[in-house]
Amino acid sequence: MKLPNGYGSVYKLSGNRRKPYIAKKTIGFDDLGKQIFKPIGYYETKEEGLQALALYNNAPYNIDLKNITFSKLYEKWINRKNIKLEKEEISDNTLKLYMNAYKNHCTSLHNKVFVNIKTSDMQILVDNCPFGFTIKKYIKGLCKQLFEFANQLDVPINKNYAEYVELGREEHSSMHVCIKEKDINKLWDNLDKEDVDLALILIYTGLRPNELLNMKKENVYLSKRYMIGGSKTKAGKNRYIPINEKIVPLIENRLKNNSSYLIGSSRDMAFTYVSFKERWDKMMYDLDLSYLPYDCRHTCATRLDNVKANKICTKLILGHKIQDITDGVYTHKNINQLIETINLLK
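Visitor: Any details on the side chain of Asn160? Residues and values, ideally.
Guide: Secondary-structure assignment places Asn160 in the loop between helix H5 (133–152) and helix H6 (181–189). Separated by 3.3 Å, the side chain of Asn160 and the backbone oxygen of Lys144 make a polar contact.

Visitor: I'd love a proper account of unusual backbone geometry, names of residues and values included.
Guide: Glycine aside, residues mostly have negative phi, and peptide bonds are mostly found in the trans state. Of note, Arg225 is a non-glycine position whose phi angle comes to about 65 degrees, a positive value. One can find Arg225 in the loop between strand S4 (220–221) and strand S5 (226–229).

Visitor: Got a sec to walk through the sheet that holds strand S3 (residues 35–43)? Specific residues and values, please.
Guide: An order of S1-S2-S3 is seen for the three strands of this open sheet, with the pairing classed as antiparallel. In this open sheet, the two edge strands, each paired with only one partner strand, are strand S1 (9–12) and S3. Neighbouring strand axes in the sheet, compared pairwise and without regard to direction, differ in orientation by 30 degrees on average. Sheet topology places strand S2 (residues 21–29) next to S3; eight bridges connect them, and they run antiparallel. For Lys24, the partnering residue across the bridge sits in S3 and is Pro39. The strands touched by helix H1 (residues 46–58) are S1, S2 and S3; relative to S2, the strand with the most contacts, the crossing angle is about 30 degrees.

Calculation notes
- Residues numbered from 1 in each chain as written.
- Predicted model: local features only at pLDDT ≥ 70, side-chain atom pairs only at ≥ 80, totals over all residues.
- Heavy atoms only, no water.
- Helix = DSSP H or I, 4+ residues; strand = E, 2+ residues; numbered from the N terminus.
- Polar contact = N/O pair within 3.5 Å; in protein donor to acceptor, adjacent residues only side chain to side chain.
- Pairing = 2+ DSSP bridges.
- Axes fitted to C-alpha atoms, helices over the stretch in contact; angles between N-to-C directions.
- Contact = heavy atoms within 4.5 Å.

Below, the structure written as C-alpha cells:
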C-alpha cells in the first residue's frame, strides 16, 4: 500500500543487520521538489517500522532527541536552571540538592538513553539509597523534573514514569530520644571518623543543627569560651552559647578550615540542612547508630536536668523563652554562669 505524500517511508537496508528496516520521516523538500528525510529509527520488521512511523505522525516528537542520554538531558536542564538561578527564580540551596542527587545517586542512569528509562530503573535508585527520606525525595524530584523537561523538548516519552516511584513512609518522631551514655562514649571513641565531632558539638552546646551550620567564625570566641548565634525565636537569636571544656579541641579544629563558617564548605557557604542530614545519616550508618540530629539538643537538655542545672541558665543556653516574668526581668545570668552550667556535662 502506497503511503500518503509527506507521510514518510519504511524500507529494508542492504547487508546482514539485526534491525534491517529503517523508518524515515519527510521533513521538507529541496529546491528540486525532492523529499528530505530524517531517520526515526531502525527495526527488526517492516511492521514495527510502520507502527513507529504511524506513532510519529500521530504525535510528532523531536527526532534528534530520541537517543539523548540521561546525562545529556540533565546538562540541558541544569543550564536552564542556572539561568533561573541568576534571575533569582530558584534558590541556590534547592539547585544544590538536585545537583547532589544527580552526582551521587543517579550514576547508574547517566549513560542510559532517556526514553528507555522506566519506573523500575528509578525505583532501584531509591531502594538502594542508604540515606534518609529527604534524599530519596530529591532523587525522585530530579527524575520527575527531567521527565517534565523532556516532554517540553518533545522527547518521545509516553508518560512521566518518575511519578510512580515509591519512597516509602517518612518516619516521624513526636518526641526526640535522649542519646544513651554508652553511645555518647562511642562517639568520643570514634572521633577519627568524619563528622562525628558535629554530633558531640551539638550534644554539648544544645544548638539546633541549623544554628551550628550557620555559625560564623567571627562569632566564635574560643578563648572566652562562648559563641554568639542562634535562630528561630526572639529568645534564641543572637544569644550567648557557652562552650563546654570537653569540646574546645573540636571547635579549635573546625576553626582551621578555609571557610568563614565554623562548619565550612568548599564554596564558603553554610551547609543546607539536607546536605548536613545526608552526612549525618552516613555517619550514623558507619557507627551502627540510629539517632536524629535534633536528638542531640534533647540530650543536652535532659542531661542538664539530670545534673540539676539551674533552670534559668538551661533556658538561656538552649534559647528558650523564660515564661516567668520575675525570672525574665529580675534574674540576670552572666556568661561565666552559663559556662559553669554547661561544664556540668561530663
